[in-house]
Amino acid sequence: MNAYTEIKLDIADGIATVTLHRPEKMNAFTRVMMAEFIDALDVTDADDSVRAVIVTGEGERAFCAGADLTPEGGGHVFSDPNPVDDLSDERVRDGGGRLTLRLFNSKKPLIGACNGVAVGVGATMQLPFDIRLCSDNARFGFVFARRGITPEAASSWFLPRLVGMQAALEWCMTGRIFGAAEAMDRGLVRSVHPQGELMDAAIGIAREIADNTSAVSVAMTRAMLWRLGGGGHPMDAHRIDSRAIYRLSRSADAKEGIASFLEKRAPAYPDTVSADMPDFYPWWEEPGYE
């Protein structure tokens, strides 16, 4: 794909920035935007120069105002217009969920810079980000019950893990809009910034990752924390921890990590995500849609 019309992808100095780019519609979500965003994640995963990905919206009003309720040419808003007999049909699949599942599988850390209104899928697409920041004019809303539908984008899995069940239930059952202060107070975002300082703050975090860490270590860490944090027993984590430490302790990155520390210099990690992930990665079997 790569010739984008509804997002922008910029890569510079180890940091990729994905910008949702439909300013005339407050960056409202479409299936085109979904496909382009997924394609951009394929690009950033394959590019070993990319150490972190920042996601933001165009302008100062909105990150993403949810699904486009007035799509060009009319048509069905929330799902595929074609009738199906079998709910396991691929056409039934929610577009927001296709995106969040791809975000979940990113090999690069994801940093959200929410620059304004984020409702519906504009809020739920941020849940698989590893770190979320917002501007002081940001407003969030899990508004599905006010549109006659249910939470989507696998948010029933992500949201309670981030903010706890009580906040998740309240936000989704009332569908009310809430501001940046409440989002921070209840753990949806890690910090609130003036609009003009938001991207600098996000870049600062991305720079901290890019300049100081091993790409392989970060990719493994991301997968381990997201996939093992909800396991049934700590032995599930211990198995992967042990394998990861055993393999990575013998890596060129581990040698460089020790040497740079002892020599009191910045590290220059040689290993890459494309070539040097441990031989047991991925350790999981990706489920299909059934």
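Please refer to the structure placed before this passage.
Being a predicted model, the structure only gives us computed values, none of them experimental.

Participant: Which parts of the structure should I look at to understand the pairing of strand β3 (residues 52-57)?
Facilitator: Regular strands show a simple pattern: their side chains alternate between the two faces of the sheet. Most of β3 is tucked away, with six of its six residues classed as buried. Here β3 shows a buried face lined by Ala 52, Ile 54 and Thr 56 and a second buried face lined by Val 53, Val 55 and Gly 57. Taken together, the six bridges between strand β2 (residues 15-20) and β3 define a ladder with parallel strand orientation. Pairing of Thr 19 across the sheet is with Thr 56, part of β3. Tracing the backbone out of β2, into helix α1 (residues 31-46) and back to the parallel element β3 gives a crossover that is right-handed. As paired strands, β3 and strand β5 (residues 110-114) are joined by four bridges and run parallel to one another. In the sheet register, Val 53 faces β5, and the bridge partner there is Leu 110.

Participant: In this structure, what is going on with the pattern of salt bridges? I would like to understand it.
Facilitator: Inspection of every chain in the model, using the stated rule, returns 19 salt bridges. With a shortest N-O distance of 3.0 Å, Glu 170 and Arg 186 are connected by a salt bridge. Here Glu 170 is found in helix α5 (residues 165-174), whereas its partner Arg 186 is found in the loop between α6 (180-185) and β10 (191-193), with 16 residues between them in sequence. Classification of Arg 186 as partly exposed rests on a relative accessible area of 22%. Asp 236 is the partner of Arg 239 in a salt bridge, and the nearest nitrogen-oxygen pair spans 3.2 Å. Within this pair, Arg 239 and its partner Asp 236 are both found in helix α9 (residues 234-248), separated by three residues, close to a single helical turn. When its relative accessible area of 28% is taken as the criterion, Asp 236 is described as partly exposed. A single network of salt bridges, built from pairs that share partners, joins Glu 6, Arg 22, Lys 25 and Asp 68.

The rules behind the values
Residues numbered from 1 in each chain as written. Predicted model: local features only at pLDDT ≥ 70, side-chain atom pairs only at ≥ 80, totals over all residues. Heavy atoms only, no water. Buried < 20%, exposed > 50% of the residue type's maximum accessible area, 1.4 Å probe, protein only. Helix = DSSP H or I, 4+ residues; strand = E, 2+ residues; numbered from the N terminus. Pairing = 2+ DSSP bridges. Right-handed = clockwise from strand over helix to strand, strands pointing away. Salt bridge = Lys/Arg side-chain N within 4 Å of Asp/Glu carboxyl O.

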